[in-house]
Amino acid sequence: MALSVSAVCSGITPSATLRLNALAAEKRRQGLDVISLAAGEPDFPTPEHIRAAGCAAIDAGRTVYTATAGIPELRAELAARYRRLGVPYQADQMIVTTGAKQALLGALTALLNPGDEVLLPAPCWLSYPEMIRMAGGVPVPVIASAGEGFIPSPRQLKAAVTGRTRAVLLNNPCNPTGAVWSGEQLLSLCELARRHDLAIISDEIYESLCYEGRSSTVTAGLSEDALERTVTVSGFSKAYAMTGWRLGWAAGPRHIIAAMDAWQGHATGNPSSVSQYAGLEALRGDQSGVETMRLAFEQRRALILSLLDGVPGLRYTVPYGAFYVLADVRGLLGKRCRGEVIGSAGRLCELLMEHALVSIVPGDGFYAPGCVRLSYAIKESRLAEAVRRIKAFAESLE
Ligand SMILES: Cc1ncc(COP(=O)(O)O)c(C=O)c1O
């Protein structure tokens, strides 16, 4: 008899992109030129000095277990980084994790009891609801429209609070919308959290990627109360192009960080020792690569937005952070592609792959039905060619 899968794991929604990835792989096997605008990672290599620090760590034999919460130098460096931003974190309020992903799951596990509800300003990253369920909680999306800049109002958020609400999980800047919360919007959120005694989990993984003069605010730095009720999550993946190194962190109240440390100690132990030494160099060394990459993203953003303006049936809300555009494609739904009526954004993405060899992600998993997410973490020439194909495809629909 086949082994049965647990309730937790059988409840996990498989990634919406799996089918599309399989289609793309099949096309590539046939030698076809597929362009992916589905990526969630910078296309730049990790800066040279950071790679060198990783190699040096291996050569120096720093290949053994470290403290679960990370090497003391790295925790201290992270705390100092926040203090430079005016947020008074100390080293023992930091935990280094295997990517921001593990920091998020650890924070949720440390905070939630079974059945606790977590408010999710949405559209939001598709892993959040799954992580909340894995930690025993219940995701409660609070969906904002494009007209609201994809950021729910205090009134909307308040209406979603129940006696079971334990936390709010926000992503600033946001994947998939590119929305950047203003200080004022964050202050309202903090006030709501204070009034209802909620924890705030603030995922700031895209904090270094803001455009047109915008900047992202560290939620925990807004007040003493915010500092006490917020777990800040961030990491090296996006700012330093270090996705494969699997290195992130969380910062927060000491007892929550201690709980995350205890959980992590039994779950995975320390994040990779080699990655931690590379991360230390990332923080201590030359920071110019961060700005160089941000500027490249800013240029690509301008390019994709100007090209998308010419695509019939597609509308977008200007993103100010991260490297995604969430586009509304309802203007294309109901049209025909070679006789087939296109019924959903998911089907549109499949047909786009089939006939235009471009991969984009349907919005359903982000609580954005009728939308698609386009990543501009790709060279400008390829980006331009991808949007040219999308335009030709949209024009071909009847
Ligand atoms: C919103 C958001 N949070 C967290 C992560 C995870 O980042 P990491 O590579 O540090 O685990 C991602 C990755 O795509 C993300 O988009």
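These numbers come from a predicted model, not from an experiment.

Trainee: What am I meant to see in the domain arrangement of the protein here?
Mentor: Many authors give the size of an interface as the accessible area that is lost as the parts come together. Annotation of the protein at the domain level lists domain 1 (7-45 + 289-396) and domain 2 (48-284). Distance from the C-alpha centre of domain 1 to the C-alpha centre of domain 2: 26 Å. Domain 1 puts 30 residues into the contact, and the matching count from domain 2 is 36 residues. When domain 1 packs against domain 2, the two sides together hide about 2900 Å² of surface, and 63% of this comes from carbon and sulfur. The three residues of domain 1 that bury the most area against domain 2 are Y320, F366 and Y367, which together make up 27% of that side's buried surface. If you look at where domain 1 meets domain 2, you find one salt bridge. Among the salt bridges present, the one from E212 reaches R301, with a minimum N-O distance of 2.8 Å. Our enumeration of links across domain 1 and domain 2 arrives at 14 residue pairs in polar contact (both at pLDDT 80 or more). At the level of secondary structure, the elements contributing two or more residues to the side of domain 1 that touches domain 2 comprise α12 (288-308) and β10 (324-328). No other element matches the six residues that α12 contributes to the side of domain 1 that touches domain 2. Across the side of domain 1 that touches domain 2, the residue classes tally to 19 nonpolar, six polar and five charged.

Trainee: Would you explain the sheet that holds strand β14 (residues 361-362) in this entry?
Mentor: Through backbone hydrogen bonds, the strands of a sheet pair up, either in parallel or in antiparallel fashion. On the basis of which strands lie adjacent, the open sheet formed by four strands has the order β9-β10-β15-β14 and antiparallel pairing. The sheet is open, and its two borders are formed by β9 (315-316) and β14, each paired with just one other strand. Relative to strand β15 (residues 371-375), β14 runs antiparallel, the two being bridged by two bridges. Along β15, the bridge assignment pairs P362 with V372.

Trainee: Just to check I follow, could you spell out the nonpolar core for this structure?
Mentor: In globular proteins that are soluble, nonpolar side chains generally tend to be buried together. L37, I304, V372 and L374 are the most contacted members of the largest nonpolar core, which totals 82 residues. A per-element tally of this core places helix α13 (residues 345-356) first, with seven residues. Taken domain by domain, this core gets at least three of its residues from each of domain 1 (7-45 + 289-396) and domain 2 (48-284). Filtering out sequence-adjacent residues up to four positions away, L37 remains in contact with V358, S359, I360, R373, L374, S375, I378, L383, A386 and I390. One finds I71, L78, L280 and V290 within the second-largest nonpolar core, a separate group that totals 27 residues.

Trainee: What exactly am I supposed to notice about the side chain of R81 here?
Mentor: Along the chain, R81 falls in helix α4 (residues 72-84). Overall, the relative accessible area of 18% leaves R81 in the buried class. If near-sequence neighbours (up to four positions away) are discounted, R81 is found in contact with E207, W249 and L283.

Trainee: I keep staring at the packing of helix α3 (residues 48-59) against helix α11 (residues 273-284) and nothing clicks. Help me out?
Mentor: To describe two helices that pack against each other, one gives the angle between their axes and the distance between the axes. Interaxial distance between α3 and α11 falls to 8 Å at its minimum, and their mutual angle equals 140 degrees. Relative to α11, the element α3 lies oblique. Of the two elements, α3 crosses α11, and the hand of that crossing is right-handed. Along its contact with α3, which presents H49, I50, A53, G54, A57 and I58, the element α11 presents V274, Y277, A278, E281 and A282. Per-class residue counts for the contact of α3 with α11 are eight nonpolar, two polar and one charged.

Trainee: Would you mind showing me how to read the site of the ligand here?
Mentor: Near the ligand there are 13 residues, and of these A100, D203, S237, K238 and R246 occur at the shortest range. One nitrogen or oxygen atom from the main chain of K101 is found 3.0 Å from an oxygen atom belonging to the ligand. Within the contact set of the ligand, an oxygen atom lies 2.8 Å away from a side-chain nitrogen or oxygen of Y206. Ranked by the residues each element gives to the shell around the ligand, the list is headed by helix α5 (residues 99-111), at three residues. Looking at the shell around the ligand, its residues break down into five nonpolar, four polar and four charged.

Trainee: Quick question: what am I supposed to make of the packing of aromatic side chains here?
Mentor: All chains considered together, the criterion is met by nine aromatic pairs. Ring plane angle 35 degrees and centroid distance 5.9 Å describe the contact between F236 and Y240, whose orientation is recorded as tilted. Its relative accessible area of 8% is what places Y240 among the buried residues. By the ring-pair criterion, three or more aromatic residues cluster together here, those being F44, Y206, F297, F323 and Y324. Between R62 and the ring centre of Y277, over which it is positioned, the NZ or CZ distance is 4.6 Å. For R81, the ring lying beneath its charged end belongs to Y82, and the centroid distance is 5.2 Å.

Quick notes on the rules
- Residues numbered from 1 in each chain as written.
- Predicted model: local features only at pLDDT ≥ 70, side-chain atom pairs only at ≥ 80, totals over all residues.
- Heavy atoms only, no water.
- Domains from an automatic or database assignment.
- Contact = heavy atoms within 4.5 Å.
- Buried area = accessible area lost by both parts, 1.4 Å probe.
- Salt bridge = Lys/Arg side-chain N within 4 Å of Asp/Glu carboxyl O.
- Polar contact = N/O pair within 3.5 Å; in protein donor to acceptor, adjacent residues only side chain to side chain.
- Helix = DSSP H or I, 4+ residues; strand = E, 2+ residues; numbered from the N terminus.
- Nonpolar A, V, L, I, M, F, W, Y, C, P; charged D, E, K, R; others polar.
- Pairing = 2+ DSSP bridges.
- Core = buried A, V, L, I, M, F, W, Y, C linked by side-chain atoms within 4.5 Å.
- Buried < 20%, exposed > 50% of the residue type's maximum accessible area, 1.4 Å probe, protein only.
- Axes fitted to C-alpha atoms, helices over the stretch in contact; angles between N-to-C directions.
- Parallel < 35°, antiparallel > 145°, perpendicular 65-115°, else oblique.
- Left-handed = near helix turned anticlockwise from the far one by under 90°.
- Near = heavy atom within 4 Å.
- Phe/Tyr/Trp six-rings, centres within 6.5 Å; stacked < 30°, edge-to-face > 60°.
- Lys NZ or Arg CZ within 6 Å of the ring centre and 35° of its normal.

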